[in-house]
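Understanding the architecture of this molecule
What follows is the residue order along each chain.
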Amino acid sequence: MEMNLTLHVWRQASASASGKLVAYKIRANEHMSFLEMLDVLNEELTGRGEDPVAFDHDCREGICGSCGFMINGIAHGPLPGTTVCQLHMRHFKNGDELWLEPWRAAAFPVVKDLVVDRGAFDRLISAGGYISVAPGSAPDANAVPVPKKDADLAMDAAQCIGCGACVAACPNASASLFLSAKVSHLGLLPQGQPERLERVRKMVAQANGEMFGSCTNIGECEAVCPKHIRIEFIARLNRDYLKASWLYRKEAASGGE
Amino acid sequence: MSAVTTSLPVRSEDEAFLASPIGKKVVMAVTGAALFLFVIAHMLGNLQIFMGRDKLNAYAELLHHNPGALWTARIGLLICALLHVVTAIQLATLRSKARPVAYIKKGNAGSSYASRTMLMSGPIVLAFLIYHLLHFTFGSAHPDFRNDVYHNVVSGFQRVPVSIAYIVAMVLLGLHLNHGVWSMFQSLGVAHPRYTPALKKFAMAATAVIVAGNVSIPLSVLLGLVK
């Protein structure tokens, strides 16, 4: 089925330029993904000699974390548990008016149009550092016992694709859900234990330097997360950070201060 | 992409903890819990108005009987309230810095009205608290203040606008607690599929009891049940 839509798209030429919403009329097909619909728009814009709408995308199968913007004020649009590349036009109605805005956060400066710089997430992961592993050939799969429930929980957290929807949806622009997923997926496994408390201290310190807001347990991040990461992990982050802060002692051969 | 921030200000561990949003939320949770417990105790004490003038005045006398304990409690509550408010201001400042450009259109997925309006219900409850102290503790906002708590309450609430202000303030306090009482557990790291639904129900039930209990006093005076 063909549908006629009106898009109000945030257009911003560069990081330093000021942006504004520009309205476009578009004919879409219900089988298109949202990004394919934007591809059609961009074909038309290019044909008219206009600048196409810039948006991030890569795998287009919902697993890379590249895509994402706000559709009518909801990160990744109205369908829960989905990135915009996996959101199909059949979820919209003929005649719909849609507002497309980039993620808005001080830590995610706009690069162009709907593209933001999520380098802050990379720096958070870098700050977490390494995990200690024995070098050499891969150990037997059953060499390190992991309880099934822990493995499942760790896998739930490890599903985070770092798209940034949690920060975008949060009224405080907090990165707590992302941070909690990254802290939890290693913290739940035996391989992540040696650096567990150091890691959470370093990652929280880095998050504080990146101008993310604080978590007020509102839960909008959980609702928009394409991977259904739960705010239960944020409580786990808080727990680990509390423990790491209380138990912290300086490195010293004499036993510390 | 710039490098990992290595030049974070050098702080002691305790300073770093209190400077982090998680540390600030711990302050909010602990002070909030103390204020929540006070609100319950305060309501239970005040409900003695339904047991008559002598009972309520005897309770007031009991509280004032030991000035040392009274002022310890008052100063403790004042410190909690100050920490709660100052930390809330710091978190609100961080919030506006973290999103300097607002969305033109912002939907709300999966969040409660109460959780989104903590920064509004909080200051209104604070304003009410100051009025409440001037009204019933210091008496400067009370037109006929005497050394008779029962009289002060009844004559205070017989003025309709005053009673309405109290009732509205209690509904807002209820909104604030409905989110806050569950939220403090989450901030302190207590969340579990087995406990979280029960904690949310506890927050809802505690809020309902507090609002109903506190509203019952001005309402009963307005309806002439207590005079």
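Rules used throughout
Residues numbered from 1 in each chain as written. Chains lettered and ligands numbered in written order. Predicted model: local features only at pLDDT ≥ 70, side-chain atom pairs only at ≥ 80, totals over all residues. Heavy atoms only, no water. Helix = DSSP H or I, 4+ residues; strand = E, 2+ residues; numbered from the N terminus. Phe/Tyr/Trp six-rings, centres within 6.5 Å; stacked < 30°, edge-to-face > 60°. Buried < 20%, exposed > 50% of the residue type's maximum accessible area, 1.4 Å probe, protein only. Domains from an automatic or database assignment. Contact = heavy atoms within 4.5 Å. Buried area = accessible area lost by both parts, 1.4 Å probe. Salt bridge = Lys/Arg side-chain N within 4 Å of Asp/Glu carboxyl O. Pairing = 2+ DSSP bridges. Axes fitted to C-alpha atoms, helices over the stretch in contact; angles between N-to-C directions.

It is worth spelling out unusual backbone geometry at this point. Residue and element names in this part refer to chain A. Positive phi, close to 45°, is recorded for Asp-113, a residue that is not glycine. Tracing the backbone shows Asp-113 in the loop between strand E6 (110-112) and strand E7 (115-116). For Met-211, which is not a glycine, the phi torsion comes out positive at approximately 65°. Among the structural elements, Met-211 can be located in the loop between helix H6 (196-209) and helix H7 (220-224).

This part is about the packing of aromatic side chains. Counted according to the given criterion, the structure contains 14 aromatic pairs over all chains. Look at Phe108(A) and Phe121(A): their rings are 5.1 Å apart centre to centre, the planes differ by 80°, and that puts the pair in the edge-to-face class. Of this pair, Phe108(A) sits in the loop between strand E5 (97-101) and E6 while Phe121(A) sits in helix H2 (residues 119-128), placing them 13 residues apart in sequence. Pair check on accessibility: Phe108(A) and Phe121(A) agree, each one buried. Ring geometry for Trp246(A) and Phe17(B): centres 5.8 Å apart, planes at 40°, overall tilted. Linking Trp246(A) in helix H8 (residues 232-247) with Phe17(B) in helix H1 (residues 13-19), this pair reaches from one chain into another.

Once that is clear, we can look at the domain arrangement of chain A. Residue and element names in this part refer to chain A. Per the domain assignment, the segments of chain A are domain 1 (2-101) and domain 2 (118-247). Just the C-alpha atoms count here: the centres of domain 1 and domain 2 sit 30 Å apart. Contacts between the two partners involve 14 residues from domain 1, matched on the other side by 12 residues from domain 2. Taking both sides of the interface into account, the surface hidden between domain 1 and domain 2 amounts to around 870 Å²; carbon and sulfur atoms contribute 56%. For domain 1, the biggest contributors to the area lost against domain 2 are Gly-65, Ala-75 and Gly-81; these three give 41% of the whole. Viewed at the interface, domain 2 and domain 1 are joined by 1 salt bridge.

Residues and elements named next belong to chain A. Strand order in this open sheet of 5 strands is E2-E1-E5-E3-E4, and the pairing throughout is mixed. The open sheet has two free edges, formed respectively by strand E2 (20-29) and strand E4 (74-75), since each of these has just one partner strand. With 2 bridges joining them, strand E3 (residues 70-71) and E5 adopt antiparallel strand pairing. Across the sheet, Met-70 pairs through a bridge with Glu-101, a residue of E5. Its contacts with the sheet put helix H1 (residues 34-47) on strand E1 (2-11), E2, E3 and E5, and the angle it makes with E2 is roughly 105°.

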